[in-house]
Amino acid sequence: MSTTRSTEDRTGRTAGTHEGHGRLGRILSGAAVALGCVLFLGGFAWGALLYQPYAVPTGSMAPTIGAGERVLAQRIDGADVRRGDVVVFNEAEWGDLPMVKRVVGVGGDEVACCTGGRLTVNGEPVDEPYLPSGTSASVAGIPRTTVPEGRLFLLGDERAGSLDSTAHLQEAGQGSVSRDAVVARVDAVAWPMEGMLDRPAGFAALPGGISEPGPLKAVVAAVAGGAVLILGGAAWGPVAGRFGHAARARRTGQARGV
């Protein structure tokens, strides 16, 4: 009789311990799901606030961005644009649709091409590793052009087939566009998923340097981390319940065998 009671007491204590662990597991599971929802939804909201997707219809930015590819561009003020940035802008004289080009000169810069096949800014040759291999920085050359203050000089990375500032040199502003025309700066190619665009170091030595990437990686990390927490937390309940049920069945069988 004494042995039976001792076994029952141990079984009861063990069951209580497992039930306590089960309650703690449910609490942690719920907390993980709640935190995951905050990160997941917050990340999407943050991304929607900062970024806008755009489709690039032509190959004028190849090989950096191919025709038909979709990009994610951070909404920024035109005053924040730096040389080397790939920007989305609206310029009525260039067309009715948003266009994507690379900034190679800002207000006060003297832009020309070519010296040894390279673009020069303020007389300094600029390395442009994003250009197609073996190509010159300009097919027809660029006469020395001073960019008016408050404006930007833009080129496509596919210099042979891009209707950019070189096609508008005879117009007001000598082919440049106003900083106010810029609506966003491209951070990444979203489809196909080619990742973040590199900031070209060739412009880094010029006054103002180059821009820093936006918080896209942090946005993606928040969304992905939230999804993992939601899935992991939601899966914990069924898994813990299954193991708990199996453990109770084993304890019941042991108690009956005593």
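Below: a short report on this structure. (Residues numbered from 1 in each chain as written. Predicted model: local features only at pLDDT ≥ 70, side-chain atom pairs only at ≥ 80, totals over all residues. Heavy atoms only, no water.)

## Concerning the state of the cysteines
Within this structure, the stated rule accounts for 1 disulfide. Each disulfide pairs two cysteine sulfurs, and for Cys113 the partner residue is Cys114, the sulfurs being separated by 1.8 Å. Taking the sign of the S-S torsion, about 75° here, the bridge from Cys113 to Cys114 comes out right-handed. What makes Cys114 partly exposed here is its relative accessible area of 35%. (Disulfide = S-S within 2.5 Å. Buried < 20%, exposed > 50% of the residue type's maximum accessible area, 1.4 Å probe, protein only.)

## Description of the side chain of Thr120
Tracing the backbone through its elements, the reader meets Thr120 in strand 6 (residues 118-121). The contacts of Thr120, once residues within four sequence positions are left out, are Glu110, Val111, Ala112, Thr115 and Pro125. (Helix = DSSP H or I, 4+ residues; strand = E, 2+ residues; numbered from the N terminus. Contact = heavy atoms within 4.5 Å.)

## Looking at the environment of Asn122
On the secondary structure map, Asn122 appears in the loop between strand 6 and strand 7 (124-126). Separated by 22 residues in the primary sequence, Asn122 and Arg144 place their C-alpha atoms 9.5 Å from one another.

## With respect to the sheet that holds strand 7
Pairing is antiparallel in the open sheet, where 4 strands are placed in the order 7-6-5-8. The open sheet has two free edges, formed respectively by strand 7 and strand 8 (142-146), since each of these has just one partner strand. Shown here is a sheet whose adjacent strand axes are inclined to one another by a mean of 30°, direction ignored. Where strand 5 (residues 110-115) and strand 8 come together, 3 bridges link them in antiparallel fashion. If you follow Glu110 over to strand 8, its bridge partner there is Thr146. (Pairing = 2+ DSSP bridges. Axes fitted to C-alpha atoms, helices over the stretch in contact; angles between N-to-C directions.)

## Some points on the pattern of salt bridges
For the structure on display, the rule yields 8 salt bridges. Measuring nitrogen to oxygen at the nearest pair gives 3.1 Å for the salt bridge that ties Arg144 to Glu110. Taken together, the residues Arg144 in strand 8 and Glu110 in strand 5 connect sequence positions 34 residues apart. Assessed through its relative accessible area of 59%, Arg144 is described here as exposed. The class for Glu110 is partly exposed, based on a relative accessible area of 28%. Across the pair Glu128 and Arg159 runs a salt bridge, and its minimum N-O distance is 2.7 Å. Here the residue Glu128 occupies a position in the loop between strand 7 and strand 8, and Arg159 occupies one in the loop between strand 9 (151-155) and strand 10 (177-178), the gap between them amounting to 31 residues. The same class applies to Glu128 and to Arg159, which are both buried. Through salt bridges with shared partners, a single ionic network connects Asp85, Arg185, Asp187 and Arg199. (Salt bridge = Lys/Arg side-chain N within 4 Å of Asp/Glu carboxyl O.)

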